[in-house]
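# A closer look at the structure
Next come the chains, spelled out residue by residue.
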Amino acid sequence: MGATGGYVVEADGGSRGNPGPAGYGAVVKDDAGRVLAEAAESIGTATNNVAEYRGLIAGLRALLALGAEGGRVEVRMDSKLVIEQMAGRWKVKHEGLRPLALEAAGLARRFRVTWTWIPRERNSHADRLANEAMDAAARGETWQASEITSAPEAAPAVEPGAEPPNTDAPTLFDDAFGASAPGAPAPAAPDGRTGTSDATGAGTDGGRAAGAGTDGRAAAAGTGTTGRADGTAAGTAASHDRRGHGWMPRATRVATSLLLLRHGQTPLSVEKRFSGLGDPSLTATGLAQAEAAAQRLSRQPYEVEVIVTSPLTRARQTAEAVAAGTGLTVLVDDDLRETDFGAWEGHTFAEIQQRWPRELAAWLADPDVAPPGGESFAATARRVEQARDRIVKAHEGRSVVVVSHVTPIKMLVRFALGAPPEALYRMHLDLACLSVIDYYADGPAVVRALNDTAHLS
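Residues numbered from 1 in each chain as written. Predicted model: local features only at pLDDT ≥ 70, side-chain atom pairs only at ≥ 80, totals over all residues. Heavy atoms only, no water.

### Focus: unusual backbone geometry
Note: most peptide bonds trans; most residues except glycine with negative phi. Heads up, the rule is: Strands are runs of DSSP state E lasting at least two residues, helices are runs of H or I lasting at least four, and both sets are numbered from the N terminus onward. Relative accessibility under 20% of the residue-type maximum defines a buried residue, over 50% an exposed one, and the middle range a partly exposed one, all with a 1.4 Å probe and only protein chains included.
N18 connects to P19 through a cis peptide bond whose omega is 0°. One can find P19 in the loop between strand 1 (7-15) and strand 2 (20-30). The residue N18 is not glycine, and still its phi comes out positive at about 50°. Examined against the element boundaries, N18 turns out to sit in the loop between strand 1 and strand 2. Taking the relative accessible area as the measure of exposure, N18 reaches 41% and is therefore partly exposed. The residue K272 is not glycine, and still its phi comes out positive at about 55°.

Right, dumping it as structure tokens:
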């Protein structure tokens, strides 16, 4: 592209027979021509046009996974039909293509796209990937490109805006990247989100799974409650009867309930930048989100008795809104802070991938690896466990609002479920969302709600 800071998506697809064994290929480049991500897949029997649309969709999803939402993108394809239909100059007449065209258009609206037709010889990279996929389809194989250079979707513990990005992509990077990326599993996003963390969901539900830590609660006597998800379709709050009922025998004590509240929007959330120990304040939207959460928590069935927050400004502002609505004092626990992203603080996922490709690859592969000058997810997990144990012990049997970030909240949920680190890639947390975990002294923890945003609607 002519302007700096843009991206190029090249995509192709085809079939041996039209319809016949089909496959697609896509590659994402920066404006200097460096390859940032590639994707290819055999898709069984399909037409050329279906495969071409599938290639376009895969390329746009890979771009989202890089935290490039809102960026300038030139889409180049040798399919005149797809380019002209996406540019709005031709109508989509074939009913079989309409759903794919609508999906591609929806993804494209998340960028500033220029549509360019190019001759096949200038689309050789995507064409090669598509042909490899078609060859596999002709052999009856289900195949995907062996090398995907883009970050996985969702969910690392980081979320863009991130605290690592959280994604529609990418989900775990919500806070960090401000949003999660679609497609591959996203790193767990620290708060920042979502985008994956302070970024909105950046981090994309985008960051790495915190590999350390276990629930730490006795799994002995089968006690606990089944509870109802707090975010039902009707938007009703989960019943807050904490006496122990449902599938397990009656608990000998009431539960200690942690009402996990993610902070509201910050400027880094909006821009989908990593937001760890950097200390941005809430935006006007973020303050409104905090107020909405506070109004909800000040009513039944919630009987908030304690408020504990991360020391970071965005969390403290959210906690103070809850305190104003409940008349309670805010306590601060330093171990509830977001992951320290070191040299990556304030950068987008795409920027990090370009400047620190080896360090990023190592970080995504191992929770014990820290960003340059930062903190590993394993280290974050250990301190979050310590914070949980202190809070549960100090406020046994009470209802505690815990205001924190994407990564710590996702870790607490994972610990409560006894789930592996990979579970962090399967969670998405929106800004100012509410999750609830009940802890029993004589039984396991019970997750009662996850990513409930009924108060924001």
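That was the structure; now back to the text.
### Quick word on the environment of A32
On the secondary structure map, A32 appears in the loop between strand 2 and strand 3 (35-46). Accessibility expressed as a relative area gives 57% for A32, which makes it exposed. Note: C-alpha distance between A32 and Y7 (25 residues apart in sequence) is 8.8 Å.

### A short note on the packing of aromatic side chains
Note the threshold: Pairing of aromatic rings covers Phe, Tyr and Trp, the last through its six-membered ring, and needs centres within 6.5 Å; plane angles under 30 degrees mean stacked, over 60 mean edge-to-face, and all others mean tilted.
Counted by the stated rule, this structure contains 7 aromatic pairs. In this structure an aromatic cluster arises from ring pairing among F274, F341, W344, W356, W363 and F377.

### A closer look at helix 8 (residues 313-326)
Where we set the bar: The length a helix should cover is 1.5 Å for every residue beyond the first. In this analysis, two residues are considered to be in contact whenever any of their non-hydrogen atoms come within 4.5 Å of each other.
Helix length check: helix 8 (14 residues) gives 20 Å between terminal C-alpha atoms against 20 Å at 1.5 Å per residue, within 8%. Of the positions making up helix 8, those classed as buried are R314, A315, T318, A319, A321, V322 and A323. Buried residues belonging to helix 8 abut strand 8 (256-262), helix 7 (284-297), strand 9 (306-309), strand 10 (330-332) and strand 11 (399-404). Count one or two residues on from helix 8 and you reach G327, which has phi positive near 75°.

### As for the confidence of the model for the protein chain
Put simply, the rule is: What pLDDT conveys is the predictor's confidence in a given residue, as a value from 0 to 100.
On average, residues of the protein chain score 78 in pLDDT, and 74% of them are at 70 or above. The model gives residues 146-239 a pLDDT under 50, and that stretch makes 806 contacts with residues more than four places away or in other chains. Low pLDDT (under 50) marks residues 243-252, which in the prediction has 25 contacts with non-local residues, meaning those over four places away or in another chain.

### Overview of the sheet that holds strand 10
How we decide: When DSSP finds two or more bridges between two strands, those strands count as paired. Here an axis means a line fitted to C-alpha atoms, over the contact stretch when the element is a helix, while the angle between two N-to-C directions is reported on a 0 to 180 degree scale.
Spatial strand order, 10-9-11-8-12-13: 6 strands in an open sheet with mixed pairing. Edge positions in the sheet fall to strand 10 and strand 13 (446-452), since each of these pairs with one other strand and no more. If you compare each strand with its neighbour and ignore which way they point, the axes differ by 20° on average. Pairing of strand 9 with strand 10, which is carried by 3 bridges, proceeds in the parallel orientation. When the bridges of strand 10 are listed, I307 appears paired with V330. Set on the sheet, helix 11 (residues 377-394) makes contact with strand 8, strand 9, strand 11 and strand 12 (434-439); between it and strand 8 the angle comes to about 135°.

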